[in-house]
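A structural walkthrough
What follows is each chain in one-letter form.
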Amino acid sequence: MLQWLKRIFFREKPAIASSQDELRLSDEGLSYTGSMSRSGQWPEFWPWASVCEFGISVHQAIYPDPWFGDYMEAEWFFTVQHSEGPQRIFFDIEYFSIDDLPIVLLEKLPGFDKTALLAGWKEYRAGLRNYEGAGQWLAWQKEGFA
């Protein structure tokens, strides 16, 4: 909730999940540096061939705000193939702009559907108490992955 208040009052762009987490996209794939990769539970790099999904998730926040109570939040996510099966990497909605998505997503994810993201974005922007708007919208899914 503190991040939400900062965005409203100070218009700051927050970091991804925490100041220690970082996600980068390149022509080779995506790299993630964070608590899960440092613990050895996740690799730090996935080539584009191991990416299975990209989308937006709108859901009720895990921890209610102490002053305002329950609220809705949104996150981007990648699903990647991991040695133990598919794993989702969630990151802050402010990391990408819905109006200016990285070109590499369009280049590396054939059949990318921005209209699906816009539907999820619309539910997210409907308000902090739009509980009926919860869901996940996929802009891209690897063929044969379900």
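See the structure above.
Here is a short report on the structure shown in this document. (Residues numbered from 1 in each chain as written. Predicted model: local features only at pLDDT ≥ 70, side-chain atom pairs only at ≥ 80, totals over all residues. Heavy atoms only, no water.)

**Here we look at the pairing of strand β1 (residues 22–25)**
As paired elements, β1 and strand β2 (residues 29–33) share four bridges and run antiparallel to each other. From the neighbouring strand, L25 faces β2, where its bridge partner is L30. Hairpin connection of β1 to β2: three residues between the antiparallel strands. (Pairing = 2+ DSSP bridges. Helix = DSSP H or I, 4+ residues; strand = E, 2+ residues; numbered from the N terminus.)

**Some words on the packing of aromatic side chains**
This structure, assessed with the given rule, holds 13 aromatic pairs. Look at F54 and W76: their rings are 5.7 Å apart centre to centre, the planes differ by 15 degrees, and that puts the pair in the stacked class. Residue F54 is located in strand β4 (residues 51–60), and its partner W76 is located in strand β5 (residues 72–82); the two are separated by 22 residues in the primary sequence. Classification of F54 as buried rests on a relative accessible area of 0%. Take W76: its relative accessible area is 0%, and that puts it in the buried class. Linked through ring pairs, W48, F54, W76, F78, F91, Y95, F96, F112, W121 and Y124 together constitute an aromatic cluster. (Phe/Tyr/Trp six-rings, centres within 6.5 Å; stacked < 30°, edge-to-face > 60°. Buried < 20%, exposed > 50% of the residue type's maximum accessible area, 1.4 Å probe, protein only.)

**Topic: the pattern of salt bridges**
Inspection of every chain in the model, using the stated rule, returns one salt bridge. Between E53 and R88 there is a salt bridge whose closest N-O contact spans 2.7 Å. Placement of the pair is E53 in strand β4 and R88 in strand β6 (residues 85–92), with a sequence separation of 35 residues. For E53, a relative accessible area of 6% puts it in the buried group. (Salt bridge = Lys/Arg side-chain N within 4 Å of Asp/Glu carboxyl O.)

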